Amino acid sequence: MKIVGIDLGSRSVKIVLFEDNKITFNKVLDTALFYREYCKSIDGRINIDFDKLELGGIERIVGTGYGRNNVNIINAKIIVELKAHTLGAMWQTGLKDFILLDIGGQDSKVISVKNCKMIDMILNDKCAASCGRYLENMSTVLGISIDTLEKYYEAPVELSSTCAVFGESELIGRISEGYPLEQLAAGVNYSLFLRIKPMLERFKSETLVMAGGVAGNEALMYFIKNETCFKEVIVVEKSQLNGAIGCCVYGMNS
Amino acid sequence: MKKIGFTTSIPVEIIFASGNVPVDLNNIFITSKNPGKYIELAENTGFPRSTCAWIKGIYSAILDKNEIDTIVGVVEGDCSNTKALIEVLELQGIRSIPFSYPISRDYTLLGNEIKKLCSIFKVEAKDIISIKKELDEIRKNLVYLDELTWKEDKASGFENHLWQVSSSDFEGDFKSFREKLKEKINEVEKRSKLKENVRLGYIGVPPINSDIYDFVETIGARVVFNEVQRQFTMAAGINNEDIVEVYRMFTYPYSLSGRLEDIKREIDVRKIDGIIHYTQSFCFRGIEDIVIRKELDVPILTLEGDRPGELDARSKLRIESFVDMITP
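My aim in this report is to walk through the structure given alongside it, one point at a time. The structure presented is a predicted model; accordingly, all values stated were derived computationally and were not measured.

1. Remarks on the sheet that holds strand 1 (residues 2-8) of chain A
All names here are of chain A.
Here is step 1: Overall, mixed pairing links the 5 strands, which are arranged 3-2-1-6-7 in an open sheet. Each of the sheet's edge strands pairs with one partner strand only, and the pair in question is strand 3 (22-30) and strand 7 (77-78).
Here is step 2: Bridging between strand 6 (residues 60-65) and strand 7 involves 2 bridges; their strand directions are parallel. Bridge pairing links valine 62 to lysine 77 in strand 7.
Here is step 3: Across the sheet, helix 1 (residues 31-38) lies against strand 2 (12-19) and strand 3, angled at about 100 degrees from strand 3, the strand it touches most.

Shown next, in the form of structure tokens:
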């Protein structure tokens, strides 16, 4: 059976095709482009042109996105975003008991999974300073790529601004004080960690699974291993596609 | 006869007994045509962005209505913002009478506060008892409407919220309120039972987005318990002529332990599957979440509200995920 999972994010749309419990196709598109090129609005609902996406013979469509009410796809079953991410993480890791940390472009979530069931959750989508957007902006200020930024964790400079916007000014201040790039980058990573730490502290567990766009951040993993109770930190292989994968898993099992 | 505003539930018997019209300032703010505008006005006056929207709304509502020149400000037992609010109102020529629910729940201390109000409004004990008898008859019907919600499964979460929260001032006219409530009860009794997958309890201050009740009913859940609104009905004090004792039994202004005892019992009796703990942004009650999470044995969603109006996408996402999580 061909199942399509679609995760309608605020910045990018992730599409995954499952056949016999395997990923046979995946695509990531800019959200605005996706709506413009591949969608038509019919009576307030979204009709996706799967032929244009070169996806034929789809038997089941499962979608998710920010808020079920914003994901109104024709002929699709819509599931709650947190459920999609939980199912994706379970499928990718094979684990039944873990804490899932998903840091995306504009929000971050921590989900407690016990015996394959989501039992608790905490979200932050008010503060941009604990999301990927913060890292993007700060790496621009430093003049380096995010891939470079995320490698540094030693001797972080202190960045104490509550606000991501004011944090930029504070970082510039630190640059003018003469701190080396490595410490500045470490400071950015550490300040992100400090903002998600209270969410993690709520859940006592050994295993942390990371997904979402910020999942591969080496510095974040270092801080988590050294300053929280988590002994094992696993990054899902396809972190950006995790939600769309979870949609396919739902479609397979329901 | 004039309108006397108040910032949270006070012994409303005193106001009625004095021949005046009690006005719960929270209610006139939240039911106004454009409550968001009131927030904006207060912020333009100088209320910080990072303070509770209820205080801002109350401030602007008082000045906008222009019919209230005297209020009772509860400076202990609700919110310490009220202390500052009454001082700002004094600048505008609004007379503010401070009232305190002592944190100790001490009978004598609370008794003194009530005596003070009685003296200011020139009311005697016998007048209070007589009014209370009439209000208690209405309160019995509110208890029944509450049962129609959780026991008979006929009233909606919104009806349960609205009628109970309105009993803080009985809409200024308890006789009219009494008749309207009877009509509502007649209407609800005739319905067939509601069926939902998830029974929710709502604890904490009343929501600034009251469409939360109808929203949860679109996703297979229903609120069958509204903790603080039920406390506003003073149901525990029905038929008790000792007004001090009645307002000592009111759990909201005092310690969390009293509230938790009430909440735990109702979770059990009403067979509640999960709790929504609502806190207002910038409110100290967010800290209480730590204790509440430790003490309650059911799943809890902590929901933070800020501006009036419809529920935003963030809140809907959380509520949907929570209901999905606890749906059997």
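2. Some thoughts on the sheet that holds strand 7 (residues 274-280) of chain B
Hydrogen bonding along the main chain pairs the strands of a sheet, whether they run parallel or antiparallel.
All names here are of chain B.
Here is step 1: Pairing in this open sheet of 4 strands is parallel, and the strands run 6-5-7-8 from one edge to the other. For this open sheet the edge positions go to strand 6 (221-226) and strand 8 (300-305), each flanked by a neighbour on one side alone. Each strand of the sheet is rotated relative to its neighbour by a mean of 30 degrees, with strand direction disregarded.
Here is step 2: When strand 7 meets strand 8, the two strands line up parallel, connected through 6 bridges. Within the sheet, the bridge partner assigned to threonine 279 lies in strand 8 and is glutamate 304.

3. Some thoughts on the packing of helix 3 (residues 132-142) of chain A against helix 6 (residues 181-201) of chain A
Residues and elements named next belong to chain A.
Here is step 1: One way to put it is that helix 3 packs onto helix 6 with a least axis distance of 11 Å and a crossing angle of 165 degrees. In terms of axis orientation, helix 3 runs roughly antiparallel to helix 6. Considering how the two elements wind past one another, helix 3 and helix 6 form a crossing that is right-handed. Mapping the contact onto sequence places Tyr134, Leu135, Met138 and Leu142 in helix 3 and Leu181, Leu184, Ala185, Val188 and Leu192 in helix 6.
Here is step 2: Split into classes, the residues belonging to the contact of helix 3 with helix 6 amount to 9 nonpolar, no polar and no charged.

What counts, and where the lines are drawn
- Residues numbered from 1 in each chain as written.
- Chains lettered and ligands numbered in written order.
- Predicted model: local features only at pLDDT ≥ 70, side-chain atom pairs only at ≥ 80, totals over all residues.
- Pairing = 2+ DSSP bridges.
- Helix = DSSP H or I, 4+ residues; strand = E, 2+ residues; numbered from the N terminus.
- Contact = placed C-beta atoms within 7 Å.
- Axes fitted to C-alpha atoms, helices over the stretch in contact; angles between N-to-C directions.
- Parallel < 35°, antiparallel > 145°, perpendicular 65-115°, else oblique.
- Left-handed = near helix turned anticlockwise from the far one by under 90°.
- Nonpolar A, V, L, I, M, F, W, Y, C, P; charged D, E, K, R; others polar.

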